[in-house]
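What follows is the residue order along each chain.
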Amino acid sequence: MGCIKQDHFFKKRKKPRPTDGNPQMKGVVLKTFVKKPKKPNSANRKCVRVRLSNGREAIAYIPGEGHNLQEHSIVLVRPENVQDLPGVRLACIRGKYDLGHVIKK
């Protein structure tokens, strides 16, 4: 932080949310892929590239084990920062549209 005069001149910029402030948004899957998490963690996190209904493209995380998503599937996403995946700011909602519930074993 600087002194009080500097605070007056430099305003903090807020990152624009991909959903434009909406709690959920519908999107179409463009591509499914796997991302590796940041340093101390190791896994393969399932992600999708989504074209949202507002025209933007974003990466969304698929929570839970297993999924049935492929290209042109419809998903509902919510804004959620996945801690160990940089650049992923959305998560898919299970059990809505084409993304099924997690299957119990």
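Residues numbered from 1 in each chain as written. Predicted model: local features only at pLDDT ≥ 70, side-chain atom pairs only at ≥ 80, totals over all residues. Heavy atoms only, no water.

A. Region of interest: the pattern of salt bridges. Applying the stated criterion across every chain yields a total of five salt bridges. For the salt bridge of aspartate 20 with arginine 56, the shortest nitrogen-to-oxygen distance reads 3.1 Å. Residue aspartate 20 is found in the loop between helix 1 (4-9) and strand 1 (25-35), and its partner arginine 56 is found in the loop between strand 2 (45-52) and strand 3 (57-61); the two are separated by 36 residues along the sequence. Since its relative accessible area comes to 45%, aspartate 20 is described here as partly exposed. Judged by its relative accessible area of 34%, arginine 56 is partly exposed. With its nearest N and O atoms 2.8 Å apart, the salt bridge here joins arginine 78 to glutamate 80. Overall, glutamate 80 belongs to the partly exposed group, its relative accessible area being 30%. Put simply, Arg49, Arg51 and Glu57 are held in one network by salt bridges that share partners. (Salt bridge = Lys/Arg side-chain N within 4 Å of Asp/Glu carboxyl O. Helix = DSSP H or I, 4+ residues; strand = E, 2+ residues; numbered from the N terminus. Buried < 20%, exposed > 50% of the residue type's maximum accessible area, 1.4 Å probe, protein only.)

B. Quick peek at the packing of aromatic side chains. Applying the stated rule across the entire model yields zero aromatic pairs. Against the face of tyrosine 97 rests lysine 26, its NZ or CZ located 4.9 Å from the ring centre. The ring of phenylalanine 33 is capped by lysine 31, whose NZ or CZ atom sits 5.6 Å from the centre of that ring. (Phe/Tyr/Trp six-rings, centres within 6.5 Å; stacked < 30°, edge-to-face > 60°. Lys NZ or Arg CZ within 6 Å of the ring centre and 35° of its normal.)

C. The arrangement of the nonpolar core in detail. Core analysis: the largest hydrophobic core is formed by 14 residues, its most contacted members being Val48, Ala60, Leu69, Val75, Val77 and Cys92. For this core, the elements supplying multiple residues, two or more each, are strand 1, strand 2, strand 3, strand 4 (74-79) and strand 5 (90-92). A total of three residues in this core trace back to one element, the largest contributor, which is strand 2. Apart from residues lying up to four places away in sequence, valine 48 is in contact with Val29, Lys31, Thr32, Phe33, Ala58, Ile59, Ala60, Ile62, Leu69 and Cys92. Ranked by size, the runner-up nonpolar core spans six residues in total, among them Cys47, Ile59, Val82 and Val88. (Core = buried A, V, L, I, M, F, W, Y, C linked by side-chain atoms within 4.5 Å. Contact = heavy atoms within 4.5 Å.)

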